[in-house]
Amino acid sequence: MDAFYASVEQRDDPELRGKPVAVGGGHRGVVAAASYEARKFGVRSAMPSVTAKRRCADLVFVKPRFDVYRAVSQQIREIFADYTDLIEPLSLDEAYLDVTEDRRGLGSAKAIAEDIRARIKAETGLTASAGVSYCKFIAKLASDQNKPDGICVIPPHKGPEFVATLPVKRFHGVGPVTAAKMEKLGIMTGADLARWPIAELEAQFGSSGRWYWRIARGIDEREVKPDRPYKSVSAERTFDVDYVEADDLKRELSRVAGYAWQRIERSEVRGRTVTLKVKFGDFTQITRSKSFTAAVPDYASFESAGQALLDALLPVPKGIRLLGLGLHSIMDEDESSPRQLGLEI
């Protein structure tokens, strides 16, 4: 989806259309999503609201309505389900689809993508962009290529050539730290990456080196996995003021734990590791975790583990602006995936 949260807000409030909009933010928060009008000023998601406002004086902040975003997301998933059962959600606004079966007889993956985009526009009033290719890695890159409201098709014989032209910092799975390391080594593009032997990449990047060698050549054999398992479930809260006192921090962590446990129960997951996230007033961040031999059984145990992790940090050396608590090491049963075939792109 194109600037999903912000686009929903502009759809539902005509006064916001054509204006730079940021969802989230507030006095001390961060931007959850930015409209394309705001992005022209350099406003991006995860940016502190004060920085966003500095970049765009006319920026309009809107409180997020996650219940609405979830409802629209479900509406879009129902459209997907008319075309394939092989749907792997990445977030509320993005998913991989394997459309090999072509159950509507449209003849190609491109035709299916165009049909889906047209239905999303007609049924939700929102635009979506699509990347169409033979593997997940390239399809994801292609989905960003012609945003907003665009489509990019990369057939198999053009996969390596397409990857070669792109900066490595755009590669899914190459974060800012890895991208900076690559640039220091002279690896700026996919073509630069493809010139490195696999042994040298493994020497520099460990086990990830083999993955980088493969994607530089357009090779990604991962299947689309329906019902993609949760890696973690968490909640966090940014405060209006920095907290230092133990009582304030414990009170706020209890609230965050409550929000997080509600999500855990809705998600119907079980996990063995409780993780505390702490962001200080200067935006430095730390995490602390505690793992158990069995799944965390209930809310009381979850909150108690979080409070124990917080206790180990007290007294804090500086004010805290955000606390988060989550459940990791999710325990899911293995699920088999349907076999994937071949269809013209």
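See above for the structure.
The following paragraphs examine the structure supplied in this document. All figures in this text were calculated on a predicted structure; none of them were measured in a lab.

Reading the values: rules and limits
Residues numbered from 1 in each chain as written. Predicted model: local features only at pLDDT ≥ 70, side-chain atom pairs only at ≥ 80, totals over all residues. Heavy atoms only, no water. Phe/Tyr/Trp six-rings, centres within 6.5 Å; stacked < 30°, edge-to-face > 60°. Helix = DSSP H or I, 4+ residues; strand = E, 2+ residues; numbered from the N terminus. Buried < 20%, exposed > 50% of the residue type's maximum accessible area, 1.4 Å probe, protein only. Pairing = 2+ DSSP bridges. Axes fitted to C-alpha atoms, helices over the stretch in contact; angles between N-to-C directions. Contact = heavy atoms within 4.5 Å. Salt bridge = Lys/Arg side-chain N within 4 Å of Asp/Glu carboxyl O.

**A look at the packing of aromatic side chains**
So, point 1. For the structure shown, the criterion picks out 10 aromatic pairs.
So, point 2. Seen in terms of ring centroids, Tyr5 and Tyr69 are 4.4 Å apart; in terms of plane orientation they differ by 10 degrees. Their pairing is stacked. With a gap of 64 residues between them, Tyr5 in helix H1 (residues 4–12) and Tyr69 in helix H4 (residues 66–81) connect regions that are remote in the sequence. Note on accessibility: Tyr5 and Tyr69 belong to one class, buried.
So, point 3. Taken together, a centroid distance of 5.3 Å and an interplanar angle of 40 degrees make the contact between Trp261 and Phe302 tilted. Taken together, the positions of Trp261 in helix H12 (residues 246–267) and Phe302 in helix H13 (residues 299–311) put the pair 41 residues apart, joining distant regions of the chain.

**Things to note about the sheet that holds strand S10 (residues 285–291)**
So, point 1. Strand order in the open sheet formed by 4 strands is S8-S11-S9-S10, and the pairing between neighbours is antiparallel. With partners counted over all chains shown, the strands left at the sheet margins are strand S8 (233–243) and S10, one partner each. Here the strands of the sheet are splayed against their neighbours by 15 degrees on average, with no regard to which way each runs.
So, point 2. Relative to strand S11 (residues 320–330), strand S9 (residues 271–280) runs antiparallel, the two being bridged by 9 bridges. The partner of Lys279 across the bridge, within S11, is Leu322.
So, point 3. Sheet strands touched by H12: S8, S9 and S11. Its angle to S8, the strand with the most contacts, is close to 155 degrees.
So, point 4. Along the sheet, H13 contacts S9, S10 and S11; its crossing angle with S9, the most-contacted strand, is approximately 45 degrees.

**Describing the environment of Met1**
So, point 1. Its place among the elements puts Met1 in the segment before H1.
So, point 2. A C-alpha to C-alpha distance of 9.4 Å links Met1 and Ser73, two positions 72 residues apart in sequence.
So, point 3. With residues up to four places along the chain from it excluded, the contact list for Met1 reads Ile76, Asp93, Ile120, Leu126, Thr127, Ala128 and Lys147.

**Examining the pattern of salt bridges**
So, point 1. Counted according to the given criterion, the structure contains 24 salt bridges.
So, point 2. Between Arg65 and Asp12 there is a salt bridge; the shortest N-O distance is 2.8 Å. Of the two residues, Arg65 sits in the loop between strand S3 (60–62) and H4 while Asp12 sits in helix H1, which places them 53 residues apart along the sequence.
So, point 3. Overall, the relative accessible area of 29% leaves Arg65 in the partly exposed class.
So, point 4. Note that Arg237 is salt-bridged to Glu252, the shortest N-O span being 3.4 Å. Placement of Arg237 in strand S8 and of Glu252 in helix H12 is noted, with a sequence separation of 15 residues between them.
So, point 5. Its relative accessible area of 29% is what places Arg237 among the partly exposed residues.
So, point 6. Its relative accessible area of 3% is what places Glu252 among the buried residues.
So, point 7. Residues participating in the shared-partner salt-bridge network are Arg237, Asp248, Arg251, Glu252 and Arg255.

**Describing unusual backbone geometry**
So, point 1. Going from Lys147 to Pro148, the amide bond is cis rather than trans, its omega being -5 degrees.
So, point 2. Tracing the sequence through the fold places Pro148 in the loop between helix H6 (136–143) and strand S7 (151–154).
So, point 3. Following Leu314, the chain continues to Pro315 via a peptide bond in cis, the omega torsion being -10 degrees.
So, point 4. Assignment of secondary structure puts Pro315 in the loop between H13 and S11.
So, point 5. At Asp102, a position not held by glycine, the phi torsion is positive, near 50 degrees.
So, point 6. You can see Asp102 is positioned in the loop between strand S5 (94–97) and helix H5 (109–124).
So, point 7. Using a relative accessible area of 15% as the deciding quantity, one classes Asp102 as buried.
So, point 8. Even without being glycine, Ser329 reaches a positive phi, approximately 50 degrees.
So, point 9. Topologically, Ser329 is positioned in strand S11.
So, point 10. By relative accessible area, which is 30% here, Ser329 ends up partly exposed.

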